[in-house]
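# Descriptive structure summary
So you can see what is in the structure, the chains are spelled out below.
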Amino acid sequence: EKGGICFLVRLRADVLDFLAEQPAFGAPLRALAENLRQALASWFTPGLLAFERISWSSGAELLEKVMRNEAVHPIRGWEDLKRRLHEDRRVYAFFHPCLPGEPLVILHCALVWGEPCKGLHQLLGLQQHAHIHDTAQGSSAPFASDAAQQPPSTAMFYSISATQRGLAGIDLGKFLIKQVADSVKQEFPSISTFATLSPVPGFRQWLLSRLLAEDLQNGGRPEELTLQQQSAYPPFISKAEASELILSLRAVPSMDELLNSRSGFSCFTLLHTMLHKEIFLQPQCAHLHELFKNILMRNAARYLLLEKRRNLALDPVANFHFRNGAEIQRINWMSDASEQGMARSFGICVNYVYNLEQVFDNNRMYLVEHKIRASKEVCAWLRSDNGLVGELMV
């Protein structure tokens, strides 16, 4: 019947929303949601979807939906959208004939020279915050600036957004990435690298909660600074780092209350306070930027590669890319210094790379052997006694 599939998509969205609000009704509604998911999955297979490029001439109604449904990097008006549809950019989406004019999943792609971009400002034209000592400037350059002389060598996937709540759990993103890669490669044979610049949405919350848990476990005792040294995982903060931090903070007025109000405090309390209040970004703490970079980058590597749930990566974005066969190439310091980027992961973003010849092997290795392929640069942030085998992280 006309409109039937659209009705089921909306029905499942309502069921999922009600489940989130009323978990007491969980069992029967979860069964209903799963039955609907299985039915919708058979109707939203890649063979039944239309793959289309979205451009500035696609029509105002569709462009408004692109802006409204952007979940990774919010689009700040029509000028921002026009920039993302420039000749050195590509935006693609999947459509279904039963939901005309409704993009199901949208992917934004940038065409660049050189290595994958390290900073989000390179892709979105953002102004770096003045207080950031940025080391994320890459050698990549927009394709459009000199397209006649030098065609692009890298395709950067920097945003992918699902628009239909009712299709949650139906993985259309991986098929869209593959089709975009094929389309871009056909249009620009010079492209040899397909990479992402992805957020790490769970990192900040994970690190702050773990620091609090460690502090409670250790009773806030200062002598427990070396407790994590015997762990098989890298410490949240080493003894040398803790000592350097305490000595350096004696000269920071905003830390006097914490340093002097207690007879003893743990390094976990101190680190949590510095990170939660973002004191380490203040001008009077400029001498601590390198110290905090090492602490956060090491813990980001641990979070991405070692923290798992049911043998899969704890971070949802990392899990998405690893399931699709990507490998983690680089962790970028202060890549997204926006308010949203700091709230997600202290500004850290990640380059995942899709080596089209290894995607299947990486997917199998991740799902069957529970291993992640990571570059030597990423593995270098972790100790050698953490189960590293060549460039593979167990």
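Please refer to the structure placed before this passage.
Here goes a summary of the coordinates provided.

Basis of the calculations
- Once a new chain begins, its residue numbering starts again from 1 and follows that chain's sequence as written.
- Local features in a predicted model are, by the rule used here, given only for residues with pLDDT of at least 70; side-chain atom pairs are given and counted only at 80 or more, and totals for whole chains, interfaces and linings are based on all residues.
- Only hydrogens and water are set aside; all other atoms, that is, all heavy atoms of the structure, feed into the side-chain values.
- Structural elements are reduced to axes, namely lines fitted to C-alpha atoms, with helices fitted over the stretch in contact, and the angle between N-to-C directions of any two is expressed from 0 to 180 degrees.
- Numbering goes from the N terminus for both helices and strands, where a helix is a DSSP run of H or I of at least four residues and a strand is a run of E of at least two.
- Orientation labels follow simple angle bins: below 35 degrees gives roughly parallel, above 145 gives roughly antiparallel, 65 to 115 gives roughly perpendicular, and whatever is left gives oblique.
- In this description, contact between two residues means that some pair of their heavy atoms is separated by no more than 4.5 Å.
- Only Asp, Glu, Lys and Arg are considered charged, only Ala, Val, Leu, Ile, Met, Phe, Trp, Tyr, Cys and Pro nonpolar, and every remaining residue, Gly among them, polar.
- Each residue gets one of three labels from its accessible area relative to the maximum for its type: buried under 20%, exposed over 50%, partly exposed in between, using a 1.4 Å probe on protein chains only.
- The term salt bridge refers to a side-chain nitrogen of Lys or Arg lying within 4 Å of a carboxyl oxygen of Asp or Glu.
- When the centres of two rings from Phe, Tyr and Trp lie within 6.5 Å, Trp using its six-membered ring, the rings pair. Their planes under 30 degrees apart give stacked, over 60 give edge-to-face, and anything left gives tilted.
- Placement of a positive charge over a ring is assigned whenever Lys NZ or Arg CZ falls within 6 Å of the ring centre and within 35 degrees of the normal to the ring plane.

### Focus on the packing of helix α12 (residues 316-323) against helix α14 (residues 359-367)
It is the contact of α12 with α14, at a shortest axis distance of 8 Å, that shows an interaxial angle of 125°. The angle between the axes of α12 and α14 places the two elements in the oblique class. Note on element contacts: α14 touches α12 through N362, N363, Y366 and L367, opposite N319, F322 and R323. Partitioning the contact of α12 with α14 into residue classes produces 3 nonpolar, 3 polar and 1 charged.

### Thoughts on the side chain of R89
Inspection of the secondary structure puts R89 in strand β2 (residues 89-95). Residue contacts for R89: discarding those within four places in its chain leaves R53, R83, R84, C109, A110, L111, Q122, L123 and Y158.

### Comments concerning unusual backbone geometry
Positive phi values are uncommon outside glycine, yet E278 reaches one of about 55°. As for its placement among the helices and strands, E278 is situated in the loop between α10 (267-276) and α11 (289-305). Residue E278 is classed as partly exposed on the basis of its relative accessible area of 24%. Here the phi dihedral of F346 falls at roughly 55°; this positive angle occurs in a residue that is not glycine. Take F346: it is sitting in the loop between α13 (339-345) and β11 (349-353).

### Thoughts on the pattern of salt bridges
Tallied over the full model, the rule gives 18 salt bridges. Measuring nitrogen to oxygen at the nearest pair gives 3.1 Å for the salt bridge that ties D80 to R83. Highlighted residues: D80 and R83, both in helix α4 (residues 78-84), separated by 3 residues, approximately one helical turn. Given a relative accessible area of 2%, D80 falls into the buried group.

### Regarding the packing of aromatic side chains
One pass over the structure, following the stated rule, counts 13 aromatic pairs. Relative to Y352, the ring of F322 lies with its centre 5.6 Å away and its plane at 85°, an arrangement referred to as edge-to-face. Taken together, the positions of F322 in helix α12 and Y352 in strand β11 put the pair 30 residues apart, joining distant regions of the chain. Owing to a relative accessible area of 0%, Y352 belongs among the buried residues under this scheme. By way of ring pairs, the aromatic residues F203, W206, F236, F280, F292, Y303 and F346 are connected into one cluster. In this arrangement the basic side chain of R302 is found over the ring face of F236, its NZ or CZ atom lying 4.5 Å from the centre.

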